[in-house]
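Coordinates in review
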Amino acid sequence: MQVCTSSTELRAAMKHRRAVAFVPTMGNLHAGHVSLMTQARLRGETLVASIFVNPLQFGQNEDFNSYPRTFDADCEKLRVAQVDFLFAPTERELYPEPQTYRIDLPEIQNQLEGRFRPGHFGGVATVVLKLFNIVQPQIALFGKKDYQQLMVLRNMVRQLALPVEIVGGETVRDGDGLALSSRNGFLTPPERAEAPRLHRVLLGVRDAIERGETGFPALERDAASELDANGWQTDYVAIRRQTDLQTPSPTDRPLVVLAASRLGIPRLIDNLEVSTEGRGALADS
Ligand code: PAF
């Protein structure tokens, strides 16, 4: 694996490479990232990963400074996953001047995660567009755990006619159901023991919908109450349409249940698609 810290170096190294599959990350890699690399390895002749903790997508009171940075361990995992090139720019390299030209997203940026993290999706979209311009991949892979991010990026690529296929990778979970996340490392042992409740609550909502329950607001309220009664501070449990993440009518399908809740300091997010006969809107293409 060749590590490139500048766009010029990466472009020169990749000059004759074709069929590029790309997995952008913020590092602190876990099995969820590795599963994306494995899928990408099968899809592209050349596999590029990036590690960049993007300041544009963190709010002022968020965890940019304390976000885990584990570069050497990450490199080892990427080598094992047979990544060809790692793009690991410094902040100065990616943002040599203030990034005043940014992607302006539609109203979805203010809903769900966006309601609690103003400006987050604009920061994500801007850095991903910039990374796409530098790496010029044909395929890019993102985890479904960040469901709204995946939808926002799919829409950006479609509306701006970017020549990149966006592929969603399934969420990887620990044995007890907790979705893998770089932020899980901040959980204390008692919080770690409690954390799988988030997945269990989502399973309960999903099962209720699959049994035919249509009182979505009550299902959302009960799920949030169960979390809060067990020491969580819930931002939302929301049943939404998979296609556009808007509030569904009782007969709309396919659906997804999304949640964000704080357990102590870490804020965890998770989601589950509700099964229908058809494939989910964000299923792999
Ligand atoms: O999902 C992430 O790790 C980040 O949001 C991404 C897509 C790498 C952009 O910084």
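One structure accompanies this document, and this report is about it. (Residues numbered from 1 in each chain as written. Predicted model: local features only at pLDDT ≥ 70, side-chain atom pairs only at ≥ 80, totals over all residues. Heavy atoms only, no water.)

In the segment running from Arg253 into Pro254, the intervening peptide bond is cis, with an omega of -5°. Secondary-structure assignment places Pro254 in the loop between β7 (233–241) and β8 (255–262). The residue Ala19 is not glycine, and still its phi comes out positive at about 45°. Phi at Gln136 takes a positive value of approximately 50°, unusual for a residue other than glycine. Relative to the helices and strands, Gln136 resides in the loop between α6 (120–135) and β5 (139–143). (Helix = DSSP H or I, 4+ residues; strand = E, 2+ residues; numbered from the N terminus.)

All right, on to the sheet that holds β5 then. Spatial strand order, β1-β4-β3-β2-β5-β6: six strands in an open sheet with parallel pairing. With partners counted over all chains shown, the strands left at the sheet margins are β1 (2–4) and β6 (165–169), one partner each. Each strand axis lies, on average, 25° off the axis of its neighbour in the sheet, ignoring direction. Inspection of the sheet shows strand β2 (residues 20–25) paired to β5 by two bridges, in the parallel sense. Note that in β5 the partner of Phe22 across the bridge is Ala140. The sheet strands contacting helix α3 (residues 71–80) are β1, β3 (46–51) and β4 (85–87), and the helix crosses β3 at an angle near 165°. (Pairing = 2+ DSSP bridges. Axes fitted to C-alpha atoms, helices over the stretch in contact; angles between N-to-C directions. Contact = heavy atoms within 4.5 Å.)

This next bit is on the pairing of β5. Among the five residues in β5, four count as buried, and that is most of the element. By the bridge criterion, five bridges tie β5 to β6 in an arrangement that is parallel. Pairing of Ile139 across the sheet is with Glu165, part of β6. This β-α-β element, β5 to helix α7 (residues 147–159) to β6, shows right-handed connectivity. (Buried < 20%, exposed > 50% of the residue type's maximum accessible area, 1.4 Å probe, protein only. Right-handed = clockwise from strand over helix to strand, strands pointing away.)

Before going further, it helps to spend a moment on the nonpolar core. In this structure, Leu10, Val128, Phe132, Phe142, Met156, Ile166 and Leu245 are the most contacted members of the largest nonpolar core, which totals 45 residues. Of all the secondary structure elements, the ones that give two or more residues to this core are β2, β4, α6, β5, α7, β7 and β8. Within the second largest apolar cluster, 24 residues are counted, among which are Val201, Leu219, Ala223 and Trp232. (Core = buried A, V, L, I, M, F, W, Y, C linked by side-chain atoms within 4.5 Å.)

As a further point, take the site of the ligand. The local shell around the ligand consists of Pro24, Thr25, Met26, Asn54, Gln57, Val127, Phe142, Asp146 and Gln149. Within the contact set of the ligand, an oxygen atom lies 2.6 Å away from a side-chain nitrogen or oxygen of Gln57. Notes on the ligand: free accessible area 290 Å², of which the protein chains cover 89%. Within the shell around the ligand, the residues separate by chemical class into four nonpolar, four polar and one charged. (Near = heavy atom within 4 Å. Polar contact = N/O pair within 3.5 Å; in protein donor to acceptor, adjacent residues only side chain to side chain. Areas by Shrake-Rupley, 256 points an atom, 1.4 Å probe, with all protein chains shown as cover. Nonpolar A, V, L, I, M, F, W, Y, C, P; charged D, E, K, R; others polar.)

Quick look at the pattern of salt bridges now. Under the criterion given, the structure shown has 19 salt bridges. Between Arg197 and Glu226 there is a salt bridge, with its nearest N and O atoms 3.5 Å apart. With Arg197 in helix α9 (residues 197–210) and Glu226 in helix α10 (residues 216–229), the pair connects residues that are 29 residues apart, well separated along the chain. Each member of the salt-bridge network shares a partner with another, and the members are Glu113, Asp235 and Arg267. (Salt bridge = Lys/Arg side-chain N within 4 Å of Asp/Glu carboxyl O.)

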